[in-house]
Amino acid sequence: LKHKYDEYLTKDEADKAKGKELIILGGNANVPLSQEIGEDLGMNLGEIQIDRFSDGEVHIQIDENIFGKDVYVVQPTCPPVNENLIELLLMVSTCRRHGARKITAVMPYYGY
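Parameters and conventions
- Residues numbered from 1 in each chain as written.
- Predicted model: local features only at pLDDT ≥ 70, side-chain atom pairs only at ≥ 80, totals over all residues.
- Heavy atoms only, no water.
- Helix = DSSP H or I, 4+ residues; strand = E, 2+ residues; numbered from the N terminus.
- Expected span 1.5 Å × (residues − 1).
- Buried < 20%, exposed > 50% of the residue type's maximum accessible area, 1.4 Å probe, protein only.
- Arc of directions from axis to C-beta.
- Contact = heavy atoms within 4.5 Å.

(A) Summary view of helix H3 (residues 81-97). Here H3 spans 24 Å end to end across 17 residues, near enough to the 24 Å set by a 1.5 Å rise per residue. Taken together, the buried positions of H3 are Val81, Asn84, Glu87, Leu88, Met91, Thr94 and Cys95. Down the axis of H3, the sector holding all buried residues measures 160 degrees, keeping them to one side. Exposed side chains of H3 directed beyond 90 degrees from the buried face belong to Arg96 and Arg97. Where H3 is buried, its residues contact strand S1 (22-26), strand S2 (48-52), strand S3 (58-62), strand S4 (70-74) and strand S5 (102-106). Two residues or fewer after H3 comes Gly99, characterised by a positive phi angle close to 85 degrees.

The structure is reproduced here in structure tokens:
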């Protein structure tokens, strides 16, 4: 079965997706897009919580084991550009601290 996102994944990456070695995390900028990408690949999105502290700072918590896995973070930088870009950077930083093997930012729109 060919998906419209197959051109972005190598055969090895597509095989890993089926073996759950690949995780897709979606930010708050465009949740429906993240869900559609997951559906097209036959995967559920990874469990992530993105909240704001009372002073407005972003808090990111990944609720599943991503150690040694390839993580794709879907987050366009549509308006509000600065908030969405910082959220993306913090998601990548959190994935790195949780031991992801490879982190790829999927940015369908870059606002700068």
